[in-house]
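Listed here are the chains, written in short residue letters.
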Amino acid sequence: MTSVKERHLKKFTNLNKTTNVNDDTNVNKNKWMINLSTKQLSDQEKDLLAKGMNFCITPTTVPNKERIAKVEDAIKNLPMEEADTVRAKVSLTLQATKTPKDNLSKQQRSTLKALKADKNIILPADKGRTTVGMDKQDYMNKCYQHINNGPYKRLKKDPTETIKREAKNILLDLKKTGYINEQTYYQLKATDSPPPRFYGLPKIHKQGVPIHPIVSCTGTPLYKLSKFVVSILSKYTSSGHCKNSTEFSEYIRHVRIEEDESMISFDVTSVYTNVPINDTLSIIEDLLKNDSNFSNKTTTPVKNFLDLVTLVLTKTWYLFDGSFYSQTKGVAMGSPASSVMAEIYMQAHETIAITTSSNPPKIWKRYVDDVFAIIKRSPLDEFHQHINALHTIH
């Protein structure tokens, strides 16, 4: 228990530290760039990569064509007069736009060009702002190791078009029955959307540097539909948990721990892939059917809305290295719906665990999959076994 207490005290101390993020006079470049590849990086390459993956490089030309294309896509469903007004305003803005001052030197531009041509993988770490260099083969091996050992199944063919048709048919029925208008239909309908893509971020804080799996869903067939579902379901998530470390730090400073109590932490193992889909659908169905104000949140009836939720939850597929895979368990890390679905399930799971325990914790604070609790020492193991035994709710 002493080591656990010391670890938490260290975390608490770090939470209260203030750092000037703009002061880079004493920045350790090696901290922000970790090279795991066989390539020897020059000082210029290390210096450039240490700026981080969020460093915004100024464009050499103003990307007017891309801006116009995005505007046209955004206004395609507006009435003609409104669309022309937007075009006129955008045209004036583009004419007044000047190329910004370059924030890279000629040497750095040359270094960047050489790095782009290299076969090694440059990517951000799973946590923090560190940039990581890896050999491509090493990166691919780690990704395949995760896929082969995870809840994934290789598919014989691309399911993208089939899923797009299924989503389109559901939305078409909603439009025909008047539950959504024509504008909403076209906003949610998938057009020429690419399939979700799998990639991994290296966990440099863990032994062997495994990858943290991400499925990129932005712009994919179910992306807009998932955002629509989330806009409704997010209203059913509790605000009683920690939003960030600052809020937790302020809360915990006023908490007193008694002599017979312990300060402990729980971690949910692979929370997204362990979210039980059927249980989550049952929980959502109960929430919606028991909400007398559901019709004020959306014009879509509960039954039809559940069809959309089921589609979003069960159609989890992705493309990696030329092959398609489906996820056989849990929700995909990267889908806009995943965090809300996981939160809804976790709220129900922990509520039952705490209310049915003979010795519940005095304090229970959770942020996504990390839990801080204060509980009596004697029933600690008993409560741990109790909450793990309740993985299935219904």
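The residue numbers shown here count from 1 along each chain, following its written sequence. Thresholds applied to this predicted model are a pLDDT of at least 70 for local features of residues and 80 or more for the giving and counting of side-chain atom pairs; totals over whole chains, interfaces and linings are not thresholded and use all residues. Hydrogens and waters are ignored; side-chain quantities use all the structure's heavy atoms.

With that settled, consider the overall build of the chain. Helix and strand definitions here come from DSSP, where helices need a minimum of 4 consecutive H or I residues and strands a minimum of 2 consecutive E residues; each element is numbered from the N-terminal end. Across its full length, the chain carries 16 helices and 11 strands. Expressed as lengths along the three principal axes of its C-alpha atoms, the size of the chain is roughly 70 × 65 × 45 Å. Exposure is judged per residue with a 1.4 Å probe applied to protein chains only, and the accessible area is read against the type maximum: over 50% gives exposed, under 20% gives buried, and values in between give partly exposed. Out of the 394 residues belonging to the chain, those deemed buried represent 39%. Counted as positive: Lys and Arg. Counted as negative: Asp and Glu, with His and the chain ends omitted from the count. To locate a charge, take atom NZ for lysine, CZ for arginine, CG for aspartate or CD for glutamate. Here the chain contributes 56 positively and 42 negatively charged side chains, and the mean placements of these two sets differ by 5 Å.

Moving on, we come to the pairing of strand β10 (residues 363-367). Most of β10 is tucked away: 4 of the 5 residues are buried. Any two strands with at least two DSSP bridges between them are considered paired. In the sheet, β10 pairs with strand β11 (residues 370-376) via 5 bridges, with the strands oriented antiparallel. Residue Ile363 lies in a different strand from β11, and its bridge partner there is Ile374. The hairpin formed by β10 and β11 contains 2 residues between the paired strands, and Val368 there has a positive phi angle of roughly 60°.

Moving on, we get to the pairing of strand β3 (residues 131-134). Going residue by residue along β3, you find Thr131 and Gly133 tucked away on one face and Val132 and Met134 tucked away on the opposite face as well. Across 3 bridges, strand β1 (residues 33-35) lies against β3 in parallel orientation. Note on β3: the bridge partner recorded for Met33 is Thr131. With 4 bridges connecting them, strand β2 (residues 121-124) and β3 associate as antiparallel partners. What sits directly across from Pro124, in β3, is Thr131. Turn length for the β2-β3 hairpin, with the two strands adjacent in sequence and antiparallel, is 6 residues, and the turn residue Gly128 shows positive phi of about 80°.

All right, on to the packing of aromatic side chains then. Note on ring pairs: Phe, Tyr and Trp rings are taken, using the six-membered ring of Trp, and paired if centres are within 6.5 Å. Classes follow the plane angle, with under 30 degrees stacked, over 60 edge-to-face and the rest tilted. Counted by the stated rule, this structure contains 12 aromatic pairs. For the ring pair Phe248 and Phe372, a centre distance of 5.1 Å and an interplane angle of 70° mean the geometry is edge-to-face. Taken as a pair, Phe248 in helix α11 (residues 245-252) and Phe372 in strand β11 lie far apart in primary sequence, 124 residues in all. Classification of Phe248 by relative accessible area gives buried; the value is 17%. For Phe372, a relative accessible area of 7% corresponds to the buried category. Between Phe266 and Phe383, the ring centres sit 6.3 Å apart and the planes meet at 50°, which makes this aromatic pair tilted. One end of the pair, Phe266, is in strand β7 (residues 261-267); the other, Phe383, is in helix α16 (residues 380-389), and 117 residues separate them in sequence. Given the relative accessible area of 16%, Phe266 is considered buried. Grouped by ring-pair contacts, the aromatic residues Tyr144, Tyr152, Phe198, Tyr318, Phe320 and Tyr325 constitute a single cluster. Criterion for a charge above a ring: Lys NZ or Arg CZ within 6 Å of the ring centre, and within 35 degrees of the ring normal. When the ring centre of Phe55 is taken as reference, the NZ or CZ atom of Lys51 above it lies at 5.0 Å. In this structure, Lys175 is placed above the aromatic ring of Tyr185, and the distance from its NZ or CZ to the ring centre is 5.3 Å.

In this section: the confidence of the model for the chain. Note that predicted coordinates carrying low pLDDT should not be read in detail. Known as pLDDT, the predictor's confidence for each residue is given on a scale from 0 to 100. Summarising the model, the chain shows a mean pLDDT of 87, and 91% of its residues fall at 70 or more. Contacts are assigned to residue pairs with any non-hydrogen atoms lying within 4.5 Å of each other. pLDDT under 50 marks residues 18-27. Its contacts with residues more than four places away, or in other chains, come to 1 contact.

What follows concerns the environment of Glu247. Relative to the elements of secondary structure, Glu247 occurs in helix α11. Owing to a relative accessible area of 31%, Glu247 belongs among the partly exposed residues under this scheme. Not counting the four nearest positions on each side in its chain, Glu247 is found in contact with His241 and Cys242.

Salt bridges, as used here, are contacts in which a Lys or Arg side-chain nitrogen is within 4 Å of a carboxyl oxygen on Asp or Glu. Evaluated as defined, the whole model comprises 16 salt bridges. Glu72 is the partner of Arg87 in a salt bridge, and the nearest nitrogen-oxygen pair spans 2.7 Å. Linking Arg87 in helix α5 (residues 80-96) with Glu72 in helix α4 (residues 64-75), this pair joins segments that are 15 residues apart in sequence. Under the relative-accessibility criterion, Arg87 is labelled partly exposed at 31%. One network of salt bridges, with partners in common, ties together Lys39, Glu45 and Asp118.

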